[in-house]
Amino acid sequence: MVEAFPEKELFHYTPAGKLRPFAEMVKEVMNIETGYMRGIALGIWEFPDSFAVISTKEELVSACEAVRDETRKLWEEMTEETLGVVEKDPFFGPSQSHFDRLQYALENEIHHRGQGYIYLRTLGIEPPEFFVR
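Conventions and cut-offs
- Residues numbered from 1 in each chain as written.
- Predicted model: local features only at pLDDT ≥ 70, side-chain atom pairs only at ≥ 80, totals over all residues.
- Heavy atoms only, no water.
- Phe/Tyr/Trp six-rings, centres within 6.5 Å; stacked < 30°, edge-to-face > 60°.
- Lys NZ or Arg CZ within 6 Å of the ring centre and 35° of its normal.
- Helix = DSSP H or I, 4+ residues; strand = E, 2+ residues; numbered from the N terminus.
- Expected span 1.5 Å × (residues − 1).
- Buried < 20%, exposed > 50% of the residue type's maximum accessible area, 1.4 Å probe, protein only.
- Contact = heavy atoms within 4.5 Å.
- Axes fitted to C-alpha atoms, helices over the stretch in contact; angles between N-to-C directions.
- Parallel < 35°, antiparallel > 145°, perpendicular 65-115°, else oblique.
- Left-handed = near helix turned anticlockwise from the far one by under 90°.
- Nonpolar A, V, L, I, M, F, W, Y, C, P; charged D, E, K, R; others polar.
- Pairing = 2+ DSSP bridges.

1. Comments concerning the packing of aromatic side chains
Counting across every chain of the model gives 10 aromatic pairs. Taken together through their ring pairs, the aromatic side chains of Tyr36, Trp45, Phe47, Phe91, Phe92 and Tyr104 make up a single cluster. Above the ring of Phe130, the side-chain terminus of Arg113 is found at 4.9 Å from the ring centroid.

Next comes the structure, spelled out in structure tokens:
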């Protein structure tokens, strides 16, 4: 999705005043994924805005790839028992299992990806097929 956007629009375009540019949504997705994966796999519960300084499409694509690579590595540290642990969410509030936490992160990503499709269409750009990852 990121690669489908023209660079300027990726960081500045919104179809309505209260919405954020797609790059900001992607940064949010990466922060949530990083925070949850490190918290669940390593017990390191931090939610810094690690990607705030990213300002080019190339940097954003690279960061996305790095986050997903780290997620794949950390996934190997998780067990079924780990995913079943229920704790208060250190970032967003309610108690839930680690599995539910990861499901939230995935649903958040899907939600923002859908917004990206709308953004691209309003720009007159045909979005990539849904199965293209």
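Here the narrative resumes, following the displayed structure.
2. Digging into helix 2 (residues 22-42)
Along an α-helix, residues three or four positions apart point the same way, because every turn accommodates 3.6 residues. Here helix 2 contains 21 residues, and its C-alpha end-to-end distance of 30 Å stays within 8% of the 30 Å for a straight helix at 1.5 Å per residue. With 17 of its 21 residues buried, helix 2 lies for the most part within the structure. Backbone geometry just after helix 2 places Gly43 at a positive phi near 75°.

3. Things to note about the environment of Met25
Within the fold, Met25 resides in helix 2. It is 9.0 Å that separates the C-alpha atoms of Met25 and Gln115, two residues lying 90 residues apart in sequence. Excluding its chain neighbours within four sequence positions, the residues that come into contact with Met25 are Arg20, His112, Gln115 and Tyr119.

4. Notes on helix 5 (residues 98-122)
In this model helix 5 runs 36 Å from its N-terminal to its C-terminal C-alpha over 25 residues, within 8% of the 36 Å that 1.5 Å per residue would give. By the burial criterion, the buried members of helix 5 are His98, Arg101, Leu102, Ala105, Asn108, His112, Arg113, Gln115, Gly116, Tyr117, Tyr119 and Leu120. The inward-facing, buried residues of helix 5 abut helix 2, helix 3 (57-75), helix 4 (80-84), strand 1 (86-89) and strand 2 (93-97). Just beyond helix 5, the residue with positive phi is Gly124, at close to 80°.

5. Here we look at the side chain of Lys27
Inspection of the secondary structure assignment puts Lys27 in helix 2. In this structure, Lys27 is in contact with Phe11, Phe51, Ala52, Ile54 and Leu60, ignoring residues within four places of it in sequence.

6. Quick look at the packing of helix 2 against helix 5
Taken N-terminus to C-terminus, the directions of helix 2 and helix 5 make an angle of 165°; their axes are 10 Å apart at the nearest point. Taken as axis vectors, helix 2 and helix 5 run roughly antiparallel relative to one another. Crossing of helix 2 over helix 5 shows left-handed handedness. Where helix 2 approaches helix 5, its residues Phe22, Met25, Glu28, Val29, Ile32, Glu33, Tyr36, Met37 and Ile40 are matched on the opposing element by His98, Arg101, Leu102, Tyr104, Ala105, Asn108, Glu109, His112, Arg113, Gln115, Gly116 and Tyr119. Of the residues belonging to the contact of helix 2 with helix 5, the class tally is 11 nonpolar, five polar and five charged.

7. A few points about the pairing of strand 2
The pairing of strand 1 with strand 2 spans four bridges and is classified as antiparallel. Paired with Val86 across the bridge in strand 2 is Ser97. Between the antiparallel neighbours strand 1 and strand 2 lie three residues.

Purely geometric stuff here, so don't read any function into it on its own.
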